[in-house]
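Take a look at the letters that make up each chain.
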Amino acid sequence: MTRRLLARKTLRELRANRAQTIALASVIALGVTVFIAAIGAYQDLASSEATTYERLRLADAWYRIEPTDQSLVEDVATRPDVQDVEARLVIDSGLQVGRDRVRARLIGTSVTGPAAVNDVAVIDGQRPSDTDGVLLERTFAERRGIAPGDTVTALLDGEEVPLRVAATVATPEYLQVTPDRYELLPAPSSFAVIFIDRTQLQELTDNRGQVNDIVVRLDGDNSSTAAVEADLRGRASVIEATPRSDQASYAALEQDLGSFRAIAIAMPTIILAAGVIAMAVMMGRVVRSQRPLIGIMKALGYTDRTVLTHYLTHALVIGTIGSIVGVVAGSLLSGVVTRAYTAEIGVPYTTSAFHPALAALAVGVSLVAIAVATWHPARRSARLAPALATRIDPVGLDHPGRRSRIERLLPLPLNARLPLRTATRARGRAIGTASGIAAAMLLLLMVLALRDAVDLFITRTFDDLEQWDIAVTFDEPRDPAARAPITDTPGVTEASPFLQAPARLEARARAQDVLLTALDPGQDLRRLRLDGTTMARALAPGQIVLTDGLADDLGIDVGDSLTAATPTGPVRLRVSATSDEPIPSRAYVGLTTAAEVAGATVANGMHLRVEGDQATIRSALYDVPGVTAVAVRDEQRSDLRSLLSVFDALIAVMLAFSGAMAFAVLFNAMTINVLEREREYATMRSVGARPALIARLLALEVLVLWALALLPGLLAGTWVAARLGDAIAADLFTLEVRATPASYVIAAAGVLAIALLALLLPLRRVARLDLASATKTLG
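Position numbers for residues count from 1 along each chain, tracking the sequence in the order it is written. Note on the predicted model: pLDDT of at least 70 is required for a residue's local features to be given, and 80 or more for side-chain atom pairs to be given and counted; whole-chain, interface and lining totals, by contrast, use all residues. In computing side-chain properties, one takes all heavy atoms of the structure into account and sets aside hydrogens as well as water.

1. Details of the overall build of the protein chain
The numbering of helices and of strands both runs from the N terminus, where a helix is a DSSP run of H or I of at least 4 residues and a strand a run of E of at least 2. Scanning the protein chain from N- to C-terminus turns up 26 helices and 19 strands. By its C-alpha atoms, the protein chain is 100 × 60 × 50 Å across when sized along the principal axes. Looking at the protein chain as a whole, 53% of its 779 residues qualify as buried. Exposure was quantified through the Shrake-Rupley algorithm and a 1.4 Å probe, taking into account, for residues, occlusion by the shown protein chains and nothing else. Per element, the accessible surface of the protein chain, about 32,900 Å² overall, is 55% carbon and sulfur. Here the positive residues are Lys and Arg and the negative ones are Asp and Glu; neither His nor the chain ends is included. Every charge is mapped onto a representative atom, which is NZ of Lys, CZ of Arg, CG of Asp or CD of Glu. Here the protein chain carries 78 positive and 83 negative side-chain charges, and the mean point of each set is 22 Å from the other. A 1.4 Å probe rolled over the protein chains alone gives each residue an accessible area, and that area as a share of the maximum for its type sets the label: buried under 20%, exposed over 50%, partly exposed in between.

2. Side note on the pairing of strand β8 (residues 191-197)
Within β8, 7 of the 7 residues are buried, which leaves the element mostly enclosed by the surrounding structure. One ladder, built from 7 bridges, connects strand β3 (residues 100-109) with β8; its direction is parallel. From the neighbouring strand, Ala 104 faces β8, where its bridge partner is Ala 192. Following DSSP output, two strands are said to pair if at least two bridges run between them.

3. Some words on the pattern of salt bridges
Any Lys or Arg side-chain nitrogen located within 4 Å of an Asp or Glu carboxyl oxygen qualifies as a salt bridge. Using the criterion set out here, one finds 28 salt bridges in the structure. With its nearest N and O atoms 3.5 Å apart, the salt bridge here joins Arg 529 to Asp 464. Of this pair, Arg 529 sits in the loop between β13 (510-519) and α16 (535-538) while Asp 464 sits in helix α14 (residues 427-465), and the two are 65 residues apart along the sequence. Of the charged contacts in the structure, one is a salt bridge between Glu 581 and Arg 526, with a shortest N-O distance of 3.3 Å.

4. Looking at the packing of aromatic side chains
Centres within 6.5 Å are what make two rings of Phe, Tyr or Trp a pair, Trp counting through its six-membered ring; a difference in plane orientation under 30 degrees is then read as stacked, over 60 as edge-to-face, and the rest as tilted. Counted according to the given criterion, the structure contains 3 aromatic pairs. Where Phe 663 meets Phe 667, the ring centres are 6.0 Å apart and the plane angle is 15°; that geometry is what we call stacked. Placement of both Phe 663 and Phe 667 in helix α21 (residues 645-676) is noted, with a separation of 4 residues, approximately one turn of the helix. Criterion for a charge above a ring: Lys NZ or Arg CZ within 6 Å of the ring centre, and within 35 degrees of the ring normal. In this arrangement the basic side chain of Arg 55 is found over the ring face of Tyr 349, its NZ or CZ atom lying 3.9 Å from the centre.

5. Here's the deal with a positive patch on the surface
By definition, no residue in a patch forms a salt bridge, and every one has over 30% relative accessible area; like charges are joined within 9 Å, nonpolar side chains (Val, Leu, Ile, Met, Phe, Trp, Tyr) within 5 Å. Taken together, the side chains of Arg 4, Arg 8, Arg 12, Arg 15 and Arg 18 define a basic patch exposed on the protein surface. If one sorts the elements of the positive patch by residue count, helix α1 (residues 2-16) sits on top with 4 residues. Judged by relative accessible area, Arg 12 falls into the exposed class, the value being 52%.

6. Focus: the confidence of the model for the protein chain
On a scale of 0 to 100, pLDDT captures the predictor's confidence in every residue. Per-residue pLDDT for the protein chain averages 83, and the proportion of residues at 70 or more is 90%. Mean pLDDT across the secondary structure elements of the protein chain bottoms out at helix α11 (residues 386-391), with 64, and peaks at strand β5 (residues 134-137), with 94. Whether two residues touch is decided by their heavy atoms; if any such pair falls within 4.5 Å, the residues are in contact. For residues 394-398, every residue scores under 50 in pLDDT, and the model assigns this stretch 13 contacts once sequence neighbours within four places are set aside.

7. Some details on helix α6 (residues 225-233)
Those residues of α6 not exposed but buried are Val 228, Asp 231 and Leu 232. Buried residues in α6, looked at end-on, bunch into an arc of 100°, giving them a common side. Next to the buried residues of α6 lie β1 (61-69), α3 (72-77), β2 (82-97), β9 (210-218) and β10 (238-243). Of all possible arcs, the one meant is that of the directions from the helix axis to the C-beta atoms.

8. A word on the packing of helix α2 (residues 18-55) against helix α9 (residues 304-345)
Where α2 contacts α9, the two axes come as close as 5 Å, and the packing angle between them is 35°. The handedness of the crossing between α2 and α9 is right-handed. What counts as an axis is a line fitted to C-alpha atoms, over the stretch in contact for a helix, and the angles between N-to-C directions run from 0 to 180 degrees. What makes a crossing left-handed is the near helix being turned counterclockwise from the far one by less than a right angle; a clockwise turn instead makes it right-handed.

9. Some points on the packing of helix α8 (residues 291-299) against α9
What describes two packed helices is the angle between their axes and the distance between those same axes. Relative orientation of the contacting elements α8 and α9 amounts to 140°, with a least axis distance of 10 Å. By the criterion of interaxial angle, the relationship of α8 to α9 is oblique. As α8 packs across α9, the resulting crossing turns out to be right-handed. Note on element contacts: α9 touches α8 through Asp 304, Val 307, His 310 and Tyr 311, opposite Leu 293, Ile 294, Met 297 and Lys 298. Three residue categories are used. Nonpolar comprises Ala, Val, Leu, Ile, Met, Phe, Trp, Tyr, Cys and Pro, charged comprises Asp, Glu, Lys and Arg, and polar comprises the others, including Gly. In terms of residue class, the contact of α8 with α9 is built from 5 nonpolar, 1 polar and 2 charged. With respect to orientation, any angle under 35 degrees is reported as roughly parallel, any angle over 145 as roughly antiparallel, any angle of 65 to 115 as roughly perpendicular, and every other angle as oblique.

10. Observations concerning the pairing of β9
Every other side chain in a regular strand lies on the same face of the sheet, so the side chains alternate between the two faces. Most of β9 sits out of view: 8 of its 9 residues are buried. Taken together, the 6 bridges between β1 and β9 define a ladder with antiparallel strand orientation. The residue bridging Asp 69 from the neighbouring strand is Gln 210, located in β9. Of the pairings in the sheet, the one linking β2 to β9 comprises 6 bridges and is antiparallel in character. Bridged to Val 85 within β9 is Val 216.

11. Remarks on unusual backbone geometry
Residues other than glycine predominantly adopt negative phi, and peptide bonds predominantly adopt the trans conformation. Phi is positive for Asn 118, which is not a glycine, with a value near 55°. Assignment of secondary structure puts Asn 118 in the loop between β3 and β4 (121-125). Asn 118 gets classed as buried once you look at its relative accessible area, which sits at 3%. For Asp 206, which is not a glycine, the phi torsion comes out positive at approximately 55°. On the secondary structure map, Asp 206 appears in the loop between α5 (198-204) and β9.

Below, the structure written as structure tokens:
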């Protein structure tokens, strides 16, 4: 009988306070949704990439060798630790696409059937039945509008070679379309990867029977890529050995996935924690506001246990409703995010599943926190004597009766004194509401700072560092006289040579592989972000400039010395300065230093400033003998921004959820404020105060609490954003998560607007108060 009565009471209260019930449930639903959607998407992405690597048999190691006889592969295949091996011929060249020319990589391998290592997934079209057809990487095909049946023209040794596209494909070694690990910025619209029959490519490039690339899948976890490398070095001239962990696309996606993991765990956890804490605080205030009612229940004979069970049930019903909605919405959103992400980067095999352990964790944490928060005030109220409980004012003024110092010092009008007294006398309620406002600021500022970090990365890369319009790369280092055809190309107004090569820097028992770039200290096309010195002094002979991140990794500072192992030999250099750059694995020396190491003044590329149509100039540059790649800065920026569109969408979703969470938290805070003070407002209205006056007082009170929460909220948001940046940072790039002044203004103003908006429904309740009932039933 008692249970039925209390169950009926619970249902009636939930219906009577429908808006508040929905808002409380929404807080939990939003937190659980974001938690499951983000972390579930991360798990699905990791699973999708692993499935793709396994089904397409991604290599465990790549060995770039001097051209040698393809029979070498038979010797490697006999090793017991080698599961599969492919010998390929890889040629970098230009590609004519319509009137434009771009960089291309032709990979001679099996195209009519599956390759034993590094196979491809056909996206559109069919594998060719004979050698008359090539497979084109899907991202480039989509960006350039190329379909199966079209013809592209490769530029091989100055000759135009038409190639018929039989199919577009996804390849596990170019999911992130980057030429190598030192060119991390993706170039899906200006870098084509073409799979062509190996024999055909050998004939086209006059490399009959020759291969220059060995890819290997090892047999078992205990197999070593170093052992295979040692064996290969005894059979051929190995130029570069790349384990899977260092392969450009794999490493970039692993870092991408790691960054996504950091965001997927940190942000939803913070949002869920904020929601659970807010829900807990709100439920505690709801229970305290019903203290007189609890006293009546005790007077009627209900036991402490019955009262406790009733309020726990009340809270858990709301929490369960919110959790169920959150689990369903989060699981659906997780699939949407996963499919959008894999579609954008071209992962051919997408797996998406319901994650029961994740759902159980989110629901369990939410319900336990709610139960604990509800239990404490309900237990305290239930232990009070009925007569005492029914007389306690639910408003619970902490310091009643005295004027504050501000009131004594300033002759404030009544409209200002009332909100100020509310904040100073009912401190518990004021702190609770201000905490909700501060939490809302933290959420919004954290997401806005992450958005700003991406913009800062792009600005710093393309506006602060790279000042060139076009970058040209030669097939081999060339002397100054060979550069004249570049500078004479119509449209080129300024040129500066550079020499780039991989190097290994060693200092204090630490070592890092970097891209070492030699620059002319007097040029202005590729800048460094130096502190307290100039490029002329920093790139003086015998000096080297490290990025800030690289200096930290090596554990050295300005003035220390290190050893650089270059392709032409080791050299001892002194660190002259550090450069603040987002890609840490880079170092810089002057061209004079490079000439001393190389034994001659040479360069393998040029930065150019141009005027006129850049596509036309790029096509003209590809006609210059020895030019293998021509990069356009604006195109790189556009490609990167396009690839970040999924990330932008994710940020937009997070921002929407943060805004919704902020509204739900503040709506609950404002509603409970009104519930706790119904008698006060009813009394004010009984003596003649209009609802508009009460609305102004409440709005002013919100403004006071917003001002109190402003500094703590923004400081907490700044700190959390910085920690998020630390979690995202990895070897390939750093992301400085720092909010701009505009984001601080947006976060602060946005929360104030949300708080004022959240007042609308509570004010409606005040306007509709039954004055006779409200002044008698409480207290």
